[in-house]
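# Reading the structure
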Amino acid sequence: MSVTDSDPVDAILEQWRRERPDLDVSPMGVIGRISRLGDELDARLRPTFAASGLGEGEFDVLATLRRSGPGAELTPGELTASMMVTSGAVSKRLDRLVGAGLVHRRSSDQDARSRLVSLTEQGRELVDAAVEAHLANEERLLAGLSPEERRQLAGLLRRLTLSLPAG
């Protein structure tokens, strides 16, 4: 490997190999890169959402509603489960999106205590434009990988996700 093919994780691994040659530090190479890459990708995704006037969380709510189909109504609990965030985080996001006129909240016909959330026309138009910009940005970020490498990486990441121990 040449110097130009190394990344900061390589230096960390080399230091550990030097200081603790008795340890197999190879897991750090995988986990460290995934962690650093996640942080880097988040930083490169945020500006695209901001250009649409959205935070990542607001985009996530709108995108969840949009991909759920025409006229979809989801409960805050369903949104929470789909987005893997706390109910309090979803509630704050919904308050902002209702205030911006991007989603509508109404009482359920079956249970007045239950609320249903749906996209407004303005919200649908905004998320449609935002997801196009988001996908173009993701395409740009993945330009260094061939289509086959992308498929392989996606498959490996799926396999890792599914193989994680419960906890």
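First, a word on what this report is: a plain description of the structure on this page. (Residues numbered from 1 in each chain as written. Predicted model: local features only at pLDDT ≥ 70, side-chain atom pairs only at ≥ 80, totals over all residues. Heavy atoms only, no water.)

Quick look at a nonpolar patch on the surface now. A contiguous nonpolar surface patch, about 580 Å² in accessible area, is contributed by Val30, Ile31, Ile34, Leu153, Leu157, Leu160 and Leu164. Looking at the nonpolar patch, the elements that each hand over two or more residues are helix H2 (26–51) and helix H7 (147–163). Within the fold, Ile31 resides in helix H2. (Patch = residues over 30% accessible without salt bridge, like charges linked within 9 Å, V, L, I, M, F, W, Y side chains within 5 Å. Areas by Shrake-Rupley, 256 points an atom, 1.4 Å probe, with all protein chains shown as cover. Salt bridge = Lys/Arg side-chain N within 4 Å of Asp/Glu carboxyl O. Helix = DSSP H or I, 4+ residues; strand = E, 2+ residues; numbered from the N terminus.)

Inspection of helix H4 (residues 76–83) places Leu79, Thr80 and Met83 among the buried residues, and these make up the whole buried set. Projected down its long axis, H4 shows its buried positions confined to an angular sector of 100°, all on one face. Residues of H4 that are buried sit in contact with helix H3 (56–67), helix H5 (87–99) and strand E2 (115–119). One or two residues past the end of H4 sits Met84, with phi positive at roughly 55°. (Buried < 20%, exposed > 50% of the residue type's maximum accessible area, 1.4 Å probe, protein only. Arc of directions from axis to C-beta. Contact = heavy atoms within 4.5 Å.)

Glancing now at the packing of H4 against H5. The interhelical angle for the contact between H4 and H5, taken along N-to-C directions, is 115°, at an axis separation of 9 Å. On the basis of their axis angle, the class for H4 and H5 is roughly perpendicular. Taken as a pair, H4 and H5 cross one another with a handedness that is right-handed. Contacts from Pro76, Leu79, Thr80 and Met83 in H4 reach Ser87, Val90, Arg93 and Leu94 in H5. Each residue belonging to the contact of H4 with H5 can be placed in one class, and the counts come to five nonpolar, two polar and one charged. (Axes fitted to C-alpha atoms, helices over the stretch in contact; angles between N-to-C directions. Parallel < 35°, antiparallel > 145°, perpendicular 65-115°, else oblique. Left-handed = near helix turned anticlockwise from the far one by under 90°. Nonpolar A, V, L, I, M, F, W, Y, C, P; charged D, E, K, R; others polar.)

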